[in-house]
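Descriptive analysis of the structure
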Amino acid sequence: MDAAKSVTPGAVSYILAHPSPVEGAEVPELVVQVVDLKPIGTRFSFTASDGKDKIKAMLPTQFATEVRSGNLQNLGLIRILDYTCNSILNKDKVLIIAKCEAVAQALDAEINSEAKKEEEPAIVLKPRDEGMDVCKPKDDGMDVCKPVNAAPVVLKPKQEVKSASQIVNEQRGNAAPAARLSMTRRVHPLISLNPYQGNWIIKVRVTSKGNLRNYKNARGEGCVFNVELTDEDGTQIQATMFNEAAKKFYPMFELGKVYYVSKGSLRIANKQFKTVKNDYEMTLNENAVVEEAEGETFIPQVQYNFVKIDQLGPYVGGRELVDIVGVVQSVSPTLSVRRKADNETIPKRDIVVADDSGKTVSVSLWNDLATTTGQELLDMVDSSPVIAIRSLRVSDFQGVSLSTVGKSTLLVNPDLPEAQNLKLWYDSEGKGTSMAPIGADMGTSRTGGLRSMYSDRVFLSHITSDPNMGQEKPVSFTLNAIISHIKPDQNMWYRACKACNKKVTEAVGGGYWCEGCNKNDDECSLRYIMVIKVSDPTGEAWVSVFNEHAEKILGCSAEELDRIKKEEGEDSYTQKLKEATWVPHLFRVNVVQHEYMNERRQRITVRNEAPVDYAAESKYLLEEIAKLTAC
């Protein structure tokens, strides 16, 4: 194979001589062959060869798809578009590919093409006495001398072979001071950073800024805060600052601004706590350098990892944050919620969104998202806007629900393919489709949503035997219990606003007044709010049940039960309640302390309900028995 037409001769020498291309300068044609490609964790290592010289190289995680799809193969050719050449532990040079493209699929063999160079004239040494007579003895003892031409001795000039370090030192030594400075000041892409790298500078935008928090642990007290940084390629990394560094950089970092950052350290990200998709996380101490890049206006590519609403079940109660794209179905007015941690009042607004999985989910917007973007959504809800939300926490409230956190972002009608496809689906068929809340399906199968129904399983005695349970913070458990009694003389429902479901009062002159919506309406709806007694082999307890779950337990709406009571009489009403008793259910309950008549009591509230799936229940019991046997 003609290597000149495949790989770039001298590509490795050029990379060694220019380990950090000058920012903004065009990288020359650098085509190398991929040799000995193999996975290392989530990354891939290989040897980059130009047919003569080789260098160790790394492909970051983002290229895993290219490798697994076969687009980038062992013995194939790639064109390097951006790179960084680092010294690992100040020894070997390693080439880290930031951008590349496949040029050719796997070749038949490794290219080995020493370029043929014009040899320098050889020095020919002839014998000093050329043509001298050499005497040989004959058989008869007489010497006979004959002229003999001796073969000349050819000495080829010694070829000097330079090492990679010699090439690098020569190139740096010959470079002008300004050129050397530009090499050291080169901005590195985030994808190229690793814990073994020396000096680096990154140019990033602050796409999320956390609050400055105080902490206290065994090692003492302090403060901490973190930011999410994103570069032009959309790569993200989380940077954390403690104590003096936190106090120094908290006022400097402003959301949305662009900065040059250097002199930080990296380490392997703790997957249990990380919320940014990067193998590493950054720590900045008080010696780090942070400079605002004035005039820089690049907009990083926002990387979404959308999860369908009907696939949210496995994320319930986990630390991993999710992104969703959906069509807004309804928007509630702004509510004020008092935070128990510091007794501060914060605004909250609930919206309901749907997607083409045919499911809906409630999303709680907090703080500025509730007051600003939430009001915008309320004004345009009739047009069914599409929204994309990043970084949502998934909880088991009402089966499955979502909530924004400090780093969450919300875009209305974003210019994204997923949003455009969803809008087309909704306008063509979704608008007329009957959709159910994702929480309504919790417990119907062992996969997805059932995760929360088969976790933290306890008996009732575990809750009732500890009167202080839920005092510091709410706790959640799962119960397998039977409804043993429903009091027929309790207030089973309340009059609710059709828009926000808050309680309404009869208005003077007719209609119903809603304090939340601050308006009067001619009609209202009835919503369940009742208590039931549940029992299991260890005891019994009263639990509170709200509308969605009460409807599934009783098999009818509050308005239908009210009609039965008024039109068919008390006997039919009582019979309807008895039909719901002595039926086993799986309950996901929340336990919290509340104060009643100056006395603290334990309140148990049903957050999710499902009929017992006996096949899944049998599997669960067999797993529990196996654990006991193993012990």
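The shown structure was predicted, so the numbers you read here are calculated from the model rather than taken from an experiment. (Residues numbered from 1 in each chain as written. Predicted model: local features only at pLDDT ≥ 70, side-chain atom pairs only at ≥ 80, totals over all residues. Heavy atoms only, no water.)

**Notes on the overall build of the protein**
Across its full length, the protein holds 12 helices and 33 strands. Taken over 631 residues, the protein has a buried fraction of 42%. Expressed as a percentage of contacts within the protein between residues at least 6 apart in sequence, the contacts between residues at least 24 apart total 63%. (Helix = DSSP H or I, 4+ residues; strand = E, 2+ residues; numbered from the N terminus. Buried < 20%, exposed > 50% of the residue type's maximum accessible area, 1.4 Å probe, protein only. Contact = heavy atoms within 4.5 Å.)

**Examining the side chain of Thr-240**
Turning to its location among the elements, Thr-240 is positioned in strand 13 (residues 236–242). Take Thr-240: its relative accessible area is 15%, and that puts it in the buried class. With residues near it in sequence (within four places) discarded, Thr-240 still touches Val-224, Phe-225, Asn-226, Met-282, Thr-283 and Leu-284.

**Brief notes about the environment of Leu-75**
Mapped onto the elements, Leu-75 comes out in the loop between helix 2 (64–68) and strand 4 (77–87). On a C-alpha basis, the gap between Leu-75 and Val-32 in space is 9.6 Å, while along the polypeptide they are 43 residues apart. With sequence-adjacent residues up to four places away left out, Leu-75 is seen in contact with Gln-33, Val-34, Gln-105, Ala-106, Leu-107, Ala-109 and Glu-110.

**Some details on the pairing of strand 21 (residues 359–366)**
Most of strand 21 is tucked away, with seven of its eight residues classed as buried. With seven bridges connecting them, strand 20 (residues 345–354) and strand 21 associate as antiparallel partners. Residue pairing across strands places Val-353 opposite Val-361, the latter belonging to strand 21. The turn linking strand 20 back onto strand 21 is made up of four residues, and Gly-358 within it adopts a positive phi angle of 80°. Pairing analysis gives two bridges linking strand 21 to strand 24 (residues 436–437), with the strands arranged parallel. Within the sheet, the bridge partner assigned to Thr-360 lies in strand 24 and is Pro-437. (Pairing = 2+ DSSP bridges.)

**A few points about the environment of Ala-370**
Relative to the helices and strands, Ala-370 resides in helix 6 (residues 368–380). With near-sequence residues (within four places) excluded, Ala-370 lies in contact with Thr-334, Pro-347, Lys-348, Arg-349, Leu-365 and Gln-375.

**Points about the nonpolar core**
What tends to happen in soluble globular proteins is that the nonpolar side chains get buried as a cluster. Grouped together as the largest cluster of nonpolar side chains are 32 residues, with contacts concentrated most on Ile-463, Ile-532, Leu-554 and Phe-587. Sorting elements by how many residues they give to this core places strand 30 (residues 525–536) first, with five residues. Beyond its immediate stretch of four places on either side in the chain, Ile-532 contacts Ile-483, His-485, Ile-486, Ala-541, Trp-542, Val-543, Val-545 and Ile-553. The next biggest cluster of nonpolar side chains, apart from the first, holds 26 residues, and it includes Val-12, Val-32, Leu-59 and Cys-85. (Core = buried A, V, L, I, M, F, W, Y, C linked by side-chain atoms within 4.5 Å.)

**What to know about the sheet that holds strand 27 (residues 504–506)**
In spatial order, the strands read 27-28-29; together these three strands make up an open sheet with antiparallel pairing. Because the sheet does not close on itself, it has two edges, and the strands there are strand 27 and strand 29 (519–521). Between one strand and the next, the sheet's axes are offset by a mean angle of 35°, whatever the strand orientation. Two strands pair when backbone bridges link them, and strand 28 (residues 512–514) and strand 29 are joined in this way by three bridges, in the antiparallel orientation. Bridge pairing links Trp-513 to Asn-520 in strand 29. (Axes fitted to C-alpha atoms, helices over the stretch in contact; angles between N-to-C directions.)

Functional significance is not addressed by these values, which are geometric in nature.
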